Amino acid sequence: MKVLLTNAILIDPEAGTETAGAVAISAGKIEAVLSETADLTAAKYAKHTRIDCGGKHLAPGIIDIGVKVCEPGERHKESFRTAGLAAAAGGVTTMVTRPDTLPTVDTPETLEFAKRRGGEMTDIRIAPMAALTKDRAGREMVEMGFLQDAGAVAFSDGDNVVTDTKVLSRAMTYARSLGALVMGHPQEPILSDGAAVTSGKFASLRGLPAVSPLAERMGLERDLALVEATKVRYHADQISSAAALPALERAKADGLDVTAGVSIHHLTLNELDVGDYRTFFKVKPPLRSEDDRQAMVAAVASGLIDIICSMHTPQDEESKRLPFEQAASGAVGLETILPAALRLFHSGQLDLPTLFRAMSLNPAKRLRLDGGRMSKGAPADLVLFDPHAPFILNRETLRSKSKNTPFDGQRMQGQVLRSFVAGTQVFPPNA
Amino acid sequence: MTFRAEHLLGIEHLSPTDITAILDLADQYVALNRSERKHGDTLAGLTQINMFFENSTRTQASFEIAGKRLGADVMNMAMQASSIKKGETLIDTALTLNAMHPDLLVVRHPHSGAVNLLAEKVNCAVLNAGDGKHEHPTQALLDALTIRRAKGRLHRLSIAICGDIAHSRVARSNILLLGKMENRVRLVGPPTLMPSEIDHFGVEVFEDMREGLQNVDVVMMLRLQKERMDGGFIPSEREYYHRYGLDADKLSHAKDEAIVMHPGPMNRGVEIDGTLADDINRSVIQEQVEMGVAVRMACMELLVRARASKPEGVMV
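Residue numbers here run from 1 along each chain, matching the order of that chain's written sequence. Chain letters start at A and ligand numbers start at 1, both assigned in the order the entries are written. Local features in this predicted model are restricted to residues of pLDDT 70 or higher, and side-chain atom pairs are both shown and tallied only at a pLDDT of 80 or more, whereas totals for entire chains, interfaces and linings draw on every residue. The side-chain quantities take in all heavy atoms of the structure and omit both hydrogens and water.

Student: Provide a residue-level description of the overall build of chain B, including the pertinent values.
Tutor: Helix and strand assignments come from DSSP, with helices taken as H or I runs of at least 4 residues and strands as E runs of at least 2, each series counted from the N terminus. A tally of helices and strands in chain B yields 11 helices and nine strands. Against the globule reference of 20 Å for 316 residues, chain B gives a C-alpha radius of gyration of 19 Å, in line with a compact fold. Taken over the C-alpha atoms alone, chain B extends approximately 55 × 45 × 35 Å along its principal axes. Exposure categories follow from relative accessible area, calculated using a 1.4 Å probe and restricted to protein chains: below 20% of the type maximum is buried, above 50% is exposed, and the middle band is partly exposed. Classification of the 316 residues of chain B by burial places 58% in the buried group. Between two residues, a contact is recorded if the distance between any of their heavy atoms is within 4.5 Å. Long-range contacts, defined here as pairs at least 24 residues apart, represent 73% of the contacts in chain B between residues at least 6 apart. Working definition of accessibility: Shrake-Rupley area with a 1.4 Å probe, residue cover restricted to the visible protein chains. Accessible surface computed for chain B: about 13300 Å², of which carbon and sulfur atoms make up 48%. The globule rule is 2.2 Å times the number of residues to the power 0.38, and the radius of gyration it is compared with is taken over C-alpha atoms.

Student: Could you give an account of the interface of chain A and chain B, naming the residues involved and the relevant values?
Tutor: Taken residue by residue, the interface counts 17 residues in chain A and 21 residues in chain B. Between chain A and chain B the total buried area reaches about 1700 Å² when both faces are included, carbon and sulfur atoms providing 57% of it. Salt bridges, as used here, are contacts in which a Lys or Arg side-chain nitrogen is within 4 Å of a carboxyl oxygen on Asp or Glu. The interface formed by chain A and chain B holds one salt bridge in total. Across the salt bridge formed by R206 of chain A and E12 of chain B, the nearest N and O atoms sit 3.0 Å from each other. Residues adjacent in sequence count toward polar contacts only when both atoms are side-chain atoms; beyond that, a polar contact is any pair of N or O atoms within 3.5 Å, and within protein one must be able to donate a hydrogen and the other to accept it. Joining chain A to chain B, the criterion identifies eight residue pairs in polar contact (both at pLDDT 80 or more). Polar here means any residue outside two lists: the nonpolar Ala, Val, Leu, Ile, Met, Phe, Trp, Tyr, Cys and Pro, and the charged Asp, Glu, Lys and Arg; Gly therefore counts as polar. When grouped by side-chain class, the residues that make up the side of chain A that touches chain B number seven nonpolar, five polar and five charged. Note on definitions: buried area is the accessible-area loss of two parts on being combined, 1.4 Å probe, summed for both.

Student: Kindly report on the sheet that holds strand 7 (residues 92-97) of chain A, identifying the contributing residues and their values.
Tutor: Residue and element names in this part refer to chain A. Strands pair, by our definition, only if DSSP identifies at least two bridges between them. If you trace the three strands from one edge of the open sheet to the other, you get 6-7-8, paired in parallel fashion. The outermost strands of the open sheet, each flanked by one partner alone, are strand 6 (62-67) and strand 8 (125-128). The average undirected angle you get between the axes of adjacent strands in this sheet is 25°. Where strand 7 meets strand 8, four bridges bridge the pair, whose relative direction is parallel. Residue pairing in the sheet places V96 in a bridge with A127 of strand 8. Under this scheme, a helix contributes an axis fitted over its contacting stretch, all axes are lines through C-alpha atoms, and angles between N-to-C directions fall in the 0 to 180 degree range.

Student: Go over the packing of aromatic side chains, please, and point to the residues and values.
Tutor: Between the rings of Phe, Tyr and Trp (Trp by its six-membered ring), a pair exists once the centres lie within 6.5 Å; its type follows the angle of the planes, with under 30 degrees stacked, over 60 edge-to-face, and the other angles tilted. All told, the structure shown has two aromatic pairs over all chains when counted by the stated rule. Ring plane angle 35° and centroid distance 5.7 Å describe the contact between Y240 of chain B and Y244 of chain B, whose orientation is recorded as tilted. A residue pair is termed a helical-turn pair when its members lie 3 or 4 positions apart in one helix, as Y240 of chain B and Y244 of chain B do in helix 8 (residues 237-244) at four residues. Each member of the pair Y240 of chain B and Y244 of chain B is classed as buried. Lysine NZ or arginine CZ positioned within 6 Å of the ring centre and within 35 degrees of the ring normal marks a charge as sitting over the ring. The ring of F324 of chain A carries the charged tip of K282 of chain A above its face, separated from the ring centre by 5.7 Å.

Student: An account of the layout of surface pockets is requested, with residue identities and associated values reported.
Tutor: All names here are of chain B. Here the largest pocket is characterised by a volume of approximately 980 Å³. E54, R108, R169, R223 and Q225 are, among the 40 residues lining the largest pocket, the residues nearest its centre. Elements with a contribution of two residues or more to the lining of the largest pocket: helix 2 (58-69), helix 5 (137-151), helix 6 (169-180) and helix 11 (285-308). It is helix 11 that provides the largest number of residues to the lining of the largest pocket, a total of seven residues. Split into classes, the residues belonging to the lining of the largest pocket amount to 11 nonpolar, 16 polar and 13 charged. Lining residues are those with an atom within 4 Å of a point, where the points come from a 1 Å grid over the protein atoms alone and group into cavities, where a 1.4 Å probe fits but cannot get out, or pockets, open sets with protein on both sides within 12 Å along at least five of seven lines. Grid points are joined across faces, edges and corners, and a volume is the space filled by probe spheres set on the points.

Shown next, in the form of structure tokens:
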């Protein structure tokens, strides 16, 4: 099917530009990126279905690293079908799924299951990650070779830190021989054990168990030392505190193959948002101070932090309607990552090409996926959105099965108008 | 004055006027409690349920007596042994009790914020009897009443709170209350038992007991939980007593007429010298217990009155 998307503002994260133009799509790929002055009446576009974008913004679809789909095991919280619907509505065209399901994705068989279910139940692309160690227990490494052959794009134990440094060191060494990407959760596990919030004035006032942001720096520094020793490709899943940035900067300057991510929640919320024990704001690592948040935004702007992700973590009402310490961590984010990220655009801190560099281009490059680009030959995974359209988020309207968003009732600006995967419109669902 | 609070969840939400109103009314109840016939009928026909998810003898007894003296029908639920153990969630337990139409719920819970959560789900007044490491508002109020009666005022006093501040909800509520009433608050204790960034709360922090007690009007000791003495937070019981236990020598740095307080139960010879605790010229520990009943009567009466003065469904 051939499509011509006309009258759009094209965001090209590679070139760092926003220009008026059109995109021609053929056979699921971008056939041509056309400037404003291009002749759209040319004969070769005569058979294209035309969609007028109404002067709105068209960008490469978001590639979201770290989506928890909850399938297998917790389908009452989320499934491939509902996560796919949420992703489509949020402009996410590739879900990089987490292995922290029940059972863990730690064998080629469970990975095949996830891939198959994903293929059957949703039009969104699925790029599955596998666990680094069996059952994410931090003792024995998984069959990395088989898993990579089966399509695992990265290896991660999620928020289970591999405490045994020898195990991690060996797993990294083995991963290096395969050229595999290891994703770490930088956190000193003993310091952060049981913590619900970040230590400081707010934690003291609320009397909640807290962890110092230094635990993140310590965790990161350990991982980076092992990266230096093993030369593995490494990605820190979430950096959330300013204290961790110098170590990251140093590692990059030393030429280590290291990248880092940040969740949209740590970019747009701070510890005070927890307020009167609001459990929808309980995430892992906990929300940080405003200074830390600002440092994260600056690090995304400078490119020190490479990737923005939603850390989509569905939790049902029962796991959240508990005293704060006992409540589950995590927030859904597939549908809100774009409007939340646009807060940083509206505040003048990040421009749109920078945002899509962090949400689309860099994740694709890091995972060696073919996407995230606004150029000829790239997959036609695109999102059309109006960055200015205002709305008030009502969590009950979310497509995720779980409604645990911290943005409920908040004013947002920026709405997805259409999403395309391989040139086919996946949102709104075609009539 | 009008006391408008819907619940009493913490000192954080009270104004200085609210605090004064509670203490004024409590003063009247002290007189009633000392009289022969101790019965009022302000809460007659109302149901008070004490839900203690954490063991307590004195606080629960105090709330029970307070309710009974005001004529309420008081019921104690030992939540330790109840359906919570069978897997029922806090909210379900709350809704179950709520369906029995209580007028007052007195709740103690081991987790910070749990009482706030419960208060959102029921339509009667909720009184926080201590939640985790968060707040214990009636303890701070009874301490305030004790201080006011002993010192003749509750402002411009220098007050040292000593010991395990980090794990203490009593300390948090007292810091907030005494600050609101414009007193100078000092915190004294080993750094391992201080909450992070506590110096941002408008208090002075001391690691040396003698320095911290210099010229204070009130010395407030806190209980040190047994499980914190095993080398995790402090090296040993005896070293703690040596450096932070209140004895006559350390107390001599405070003003001559300084009073000594303790929320109880005391560990004699750990945080306080036994003789000192019994010294009726310095220690007001027994008065604190007495004030506890009066303050709780006042809080319950004001909450019930605030509810009665508002039409159904407009509580904010």
